[in-house]
Amino acid sequence: MPVTTSSRSSLSDTAEDSPLLVAVEATRLLREMRGIGRYVRAMLPRLVALRPELRLALFARNRGDVAALAEAVARDPSLRGRADVRHVRTMARSGADVFWYPWNIASPAPSRGAVVVTVHDVAPVALPDRRWTAWYKNFRWRRRYAATARHATVIVSDSSFTSDEVHRVLGFPRDRIHLALLAADDVAVPPPEADVGTLSRLGVRTPFVLTVGAADRRKNHALLERAMRRVLEEHPQASLVMAGPRRHRASHPSDAPWLRMLGFVSDGDLTALYRAAAALVMPSTYEGFGLPVLEAMRLGTPVICARASSLPEVAGDAAAWVEPNDEAALAATISRVLVDELLRSRMRAAGISQAARFTWDETARRTLHAFDDARRLFEDGQRSEPRAN
């Protein structure tokens, strides 16, 4: 697996000769419990564990967030003494060696310094909202991503697919894109004894298939709902559970009593859902990575995926594959997984093995390599600048 999309030197856990101060844009860290927030929380302790000379400066949005984040850092033995918390207004002039923006966008960007941006996807630009009322939103996203591409010394991407998209959509040089795949080995797995009670509290009955993700069009949930109507013809007892943010939350739409929409769920509740589900279904047409695939596989849940974007990189040979527009094939695959215990057993074993190939430690090593590369590129650029007379 390459470190970047071009040839680079090998990874190393050894510290640099000089200390490294990394400024981290952390304004969403206290509020974003899943998604990118989970990624950042997985990275911070591993970065300082792998690099003894590294120090972090975390930048929060307002006084209340600065105080709350500072308290959280003080409680965390892995970060205590290795990180401090400051107001984001001071980030651009903090004098850091590297400025890290883990939320897709480099803002507020420094006027000088090595800038590393983790780009999880470029969906807002690659798949703009087609409604005429969204023209200004689309314009703002294009401007933000364009500015990010200008400011970034190095971009870290979650997948080879996203690396290609960063180059294609943003025109960012391939030799400055670092690949750092995500993982799912950070969440403590509670014992299964409470799962029955959790399902009862959530109003979920078995057998069910699960999908996890926001209600974006690219998640392709409309295809899944149509496929489920076919599944119900053979398996009327089955249901579909959707976990993730919804614009309009409803537990049972009147025309689909087999559909349960839960909205956001905690990690503990999601673990229970994964363990009880007959399968996780990811019909997405566009994913920067697809973390629910690894989360489900780690817990032994069979996974059915659309063959699109980054999902083949993540799921490998461990998933059952369908084309992202094939309603009949998706319905047939769900039906087969519902009734074939031997198939589910094979998929469980394959998924556990696949998920074990991904670790947050490896993600952190590759991220540190990106920091080192960015600092080197910036310093080389500084040395090559002509001196003023």
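Each value, and the rule that gives it
- Residues numbered from 1 in each chain as written.
- Predicted model: local features only at pLDDT ≥ 70, side-chain atom pairs only at ≥ 80, totals over all residues.
- Heavy atoms only, no water.
- Helix = DSSP H or I, 4+ residues; strand = E, 2+ residues; numbered from the N terminus.
- Rg over C-alpha atoms; globule rule 2.2 N^0.38 Å.
- Buried < 20%, exposed > 50% of the residue type's maximum accessible area, 1.4 Å probe, protein only.
- Contact = heavy atoms within 4.5 Å.
- Areas by Shrake-Rupley, 256 points an atom, 1.4 Å probe, with all protein chains shown as cover.
- Lys, Arg positive; Asp, Glu negative; His and termini not counted.
- Charge placed at Lys NZ, Arg CZ, Asp CG, Glu CD.
- 1 Å grid on protein atoms, 1.4 Å probe; cavity = no way out; pocket = protein on both sides within 12 Å on 5 of 7 lines; lining within 4 Å.
- Points joined across faces, edges and corners; volume = space filled by probe spheres on them.
- Nonpolar A, V, L, I, M, F, W, Y, C, P; charged D, E, K, R; others polar.
- Expected span 1.5 Å × (residues − 1).
- Salt bridge = Lys/Arg side-chain N within 4 Å of Asp/Glu carboxyl O.

(A) Looking closely at the overall build of the protein chain. When you go through the protein chain residue by residue, the secondary structure sums to 13 helices and 13 strands. Relative to its length of 389 residues, the protein chain is compact, with a C-alpha radius of gyration of 22 Å against a globular reference of 21 Å. Principal-axis analysis of the C-alpha atoms gives the protein chain an extent of 80 × 45 × 40 Å. Each of the 389 residues in the protein chain was classed as buried or not, and the buried ones make up 53%. Residue pairs in contact within the protein chain that sit at least 24 positions apart in sequence constitute 69% of those at least 6 positions apart. Carbon and sulfur atoms make up 51% of the accessible area of the protein chain, which totals about 17,900 Å². If you average the places of the 55 positive and of the 44 negative side-chain charges in the protein chain, the two averages end up 6 Å apart.

(B) Looking closely at empty space enclosed by the protein. Under the defined criterion, the tally for this structure stands at one cavity of 30 Å³ or more. Quantified by volume, the largest cavity comes out at close to 120 Å³. Surrounding the largest cavity, 13 residues form its lining, Val-187, Thr-271, Tyr-274, Glu-295 and Leu-299 being those nearest its centre. Breaking the lining of the largest cavity down by element, the ones donating at least two residues are α8 (267-276) and α9 (291-298). It is α8 that provides the largest number of residues to the lining of the largest cavity, a total of four residues. Broken down by class, the residue content of the lining of the largest cavity amounts to seven nonpolar, one polar and five charged.

(C) Quick peek at helix α4 (residues 135-151). Taking 1.5 Å per residue, 17 residues should reach 24 Å; α4 reaches 24 Å between its end C-alpha atoms and fits that length. Taken residue by residue, α4 has Asn-138, Tyr-145, Ala-147, Thr-148 and Ala-149 as its buried positions. Taken together, the buried residues of α4 touch β5 (114-119), α3 (123-126) and α5 (160-170).

(D) Spatial organisation of the pattern of salt bridges. Scanning the model with the defined rule gives 27 salt bridges in all. The salt bridge involving Glu-362 is made with Arg-365; its shortest N-O contact spans 3.6 Å. With Glu-362 and Arg-365 both in helix α13 (residues 360-384) and three residues apart, this pair spans about one turn of that helix. Here Glu-362 falls in the partly exposed class, since its relative accessible area comes to 26%. Residue Arg-365 is classed as partly exposed on the basis of its relative accessible area of 25%. Here the residues in one salt-bridge network are Arg-34, Arg-38, Asp-186, Asp-267 and Glu-295, joined through shared partners.

These values are about where atoms sit, not about what they do.
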